[in-house]
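Letter by letter, the chains look like this.
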Amino acid sequence: MQQAGKFITFEGIDGAGKSTHIAYVAENLKKRGIHVVTTREPGGTPLGESIRQLLLQEKMHIETEALLMFAVRREHIAQVIEPALKRGDWVISDRFTDASFAYQGGGRKLSLAKLNVLEQWVHPHLQPDITLLFDVPLEVARTRLDATRDLDKFEKEQEDFFANTRAEYLRRAAEFPNRFRVIDSTQSIPEIQREINGLISALCDGNTNA
Ligand code: ADP
Ligand code: TYD
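Residues numbered from 1 in each chain as written. Chains lettered and ligands numbered in written order. Predicted model: local features only at pLDDT ≥ 70, side-chain atom pairs only at ≥ 80, totals over all residues. Heavy atoms only, no water.

Draft legend 1. Expanded view of the nonpolar core. Ile8, Leu29, Ile92 and Tyr103 are the most contacted members of the largest nonpolar core, which totals 39 residues. Beyond its immediate sequence surroundings of up to four residues, Ile8 is in contact with Leu29, Trp90, Val91, Ile92, Ser93, Ile130, Ile200 and Leu203. Counting 17 residues, the second largest nonpolar core, distinct from the first, contains Phe7, Ala84, Leu85 and Leu126. (Core = buried A, V, L, I, M, F, W, Y, C linked by side-chain atoms within 4.5 Å. Buried < 20%, exposed > 50% of the residue type's maximum accessible area, 1.4 Å probe, protein only. Contact = heavy atoms within 4.5 Å.)

Draft legend 2. How the structure looks around the site of ligand 1. The environment of ligand 1 is made up of 16 residues, and the closest members are Gly15, Gly17, Ser19, Thr20 and Thr148. Contact distances for ligand 1 include 2.8 Å between an oxygen atom and a backbone N or O atom of Gly15. Take Lys18: an N or O atom from its main chain is 2.8 Å from an oxygen atom of ligand 1. In isolation ligand 1 offers 560 Å² of accessible surface; the protein chains occlude 77% of this area. Counted by class, the shell around ligand 1 contains 4 nonpolar, 8 polar and 4 charged residues. (Near = heavy atom within 4 Å. Polar contact = N/O pair within 3.5 Å; in protein donor to acceptor, adjacent residues only side chain to side chain. Areas by Shrake-Rupley, 256 points an atom, 1.4 Å probe, with all protein chains shown as cover. Nonpolar A, V, L, I, M, F, W, Y, C, P; charged D, E, K, R; others polar.)

Draft legend 3. Region of the structure containing unusual backbone geometry. The step from Glu41 to Pro42 runs through a cis peptide bond, and the omega angle for that step is -10°. Along the polypeptide, Pro42 turns up in the loop between strand S2 (36–40) and helix H2 (46–57). One non-glycine residue, Arg95, lies in positive phi territory at about 85°. For Lys109, which is not a glycine, the phi torsion comes out positive at approximately 70°. Structurally, the position occupied by Lys109 is in the loop between helix H4 (97–107) and helix H5 (112–122). (Helix = DSSP H or I, 4+ residues; strand = E, 2+ residues; numbered from the N terminus.)

Draft legend 4. Examining the site of ligand 2 more closely. Around ligand 2 sit 17 residues, and of these Lys18, Arg95, Ser100, Gln104 and Glu155 come closest. A distance of 3.0 Å separates an oxygen atom of ligand 2 from a polar atom in the side chain of Asp14. In this structure, an oxygen atom belonging to ligand 2 sits 2.5 Å away from a side-chain N or O atom of Ser100. Within the complex, 93% of the 550 Å² of free accessible area of ligand 2 lies under protein. Counting residues per element, the ones that place at least two in the shell around ligand 2 are H2, helix H3 (62–87) and H4. Among the elements that make up the shell around ligand 2, the one with the highest residue count is H4 (4 residues).

Draft legend 5. Molecular detail of the packing of aromatic side chains. Enumeration according to the criterion identifies 6 aromatic pairs in this entry. Between the aromatic rings of Tyr103 and Tyr169, the centroid separation amounts to 6.3 Å while the plane-to-plane angle is 85°, which identifies the pairing as edge-to-face. Here the residue Tyr103 occupies a position in helix H4, and Tyr169 occupies one in helix H7 (residues 159–175), the gap between them amounting to 66 residues. There is no split in this pair, since Tyr103 and Tyr169 are both buried. The ring of Phe70 has Arg73 lying over it, and the distance from NZ or CZ to the ring centre is 4.6 Å. Residue placement shows Arg73 over the ring face of Phe96; its charged tip is 5.4 Å from the ring centre. (Phe/Tyr/Trp six-rings, centres within 6.5 Å; stacked < 30°, edge-to-face > 60°. Lys NZ or Arg CZ within 6 Å of the ring centre and 35° of its normal.)

Draft legend 6. Quick look at the packing of H3 against H4. For the pair H3 and H4, the least separation of the axes is 11 Å and the interaxial angle reads 175°. Put simply, H3 runs roughly antiparallel to H4. Contacts from Glu65, Ala66, Met69, Phe70 and Arg73 of H3 reach H4 at Thr97, Ser100 and Gln104. Here the residues of the contact of H3 with H4 sort into 3 nonpolar, 3 polar and 2 charged. (Axes fitted to C-alpha atoms, helices over the stretch in contact; angles between N-to-C directions. Parallel < 35°, antiparallel > 145°, perpendicular 65-115°, else oblique.)

Draft legend 7. Spotlight on the side chain of Thr39. Tracing the sequence through the fold places Thr39 in strand S2. Within the structure, the side chain of Thr39 is placed 2.7 Å from the side chain of His76, a separation counted as a polar contact. When residues no more than four places from it in sequence are discounted, the contact partners of Thr39 are Gly44, His76, Val80, Val91, Ile92, Ser93 and Asp94.

Draft legend 8. Region of interest: the pairing of strand S3 (residues 90–94). The element S3 is extensively covered by neighbouring structure, given that 5 of its 5 residues are classed as buried. Residues Trp90, Ile92 and Asp94 point to one face of S3 and Val91 and Ser93 to the other, with burial holding for every one of them. The sheet contact formed by strand S1 (residues 7–12) and S3 spans 4 bridges and is parallel. Paired with Phe7 across the bridge in S3 is Val91. (Pairing = 2+ DSSP bridges.)

Okay, here's the thing in structure tokens:
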């Protein structure tokens, strides 16, 4: 695909704090005169948002779950992500394929080989330019979640599910160091914002190795 804009993804276990920082990054980019599309997975399209309800509430076979995640993603790429990048807009997505590797692969133990097949099928030529991984110990994430909301199907999972999800995120960050930036999300919100500012400035200046 001919890509003019940049593609930024936010990742982390539930309660790590990624949603807190998305609006901040979008504002930061808009102040620089960049057109920004913020979106999320599972979801991002009317069809995807309908399937999201099922994914977050209904019990299902782990392969059904993985297939639905990638079906939603296929629609999201076709309807939202690729058109935006072609226009030259920047896209910020609250989760993308790394979440499937972390949750379905790490958490649910679906084979990574099967997930690789789905990734190759659904987006063989598209990868985020940068992935911000918000990393926190499980107890911190759990305390933040308990303080704020009713828990969905994933958020009700046990500790070892999140330990494996987090471990798979960190394994991918080590595997793809050019794309991932791991953010210590135990820091205060202003400290994290300062760190993100530096990363975004580097991306705007074309220096993605910051
Ligand atoms: P996620 O999107 O990763 O599930 P959220 O951004 O919704 O997480 O954050 C979960 C809760 O934790 C929110 O109430 C948020 O205000 C709080 N929170 C986020 N980041 C921090 C932080 N660095 N320090 C303290 N609380 C935080
Ligand atoms: P999220 O939007 O982060 O939830 P919330 O709105 O509560 O912050 O993500 C929804 C859930 O979907 C989250 O628990 C992770 C899960 N998920 C997967 O299991 N696989 C995937 O591929 C994606 C994109 C999300």
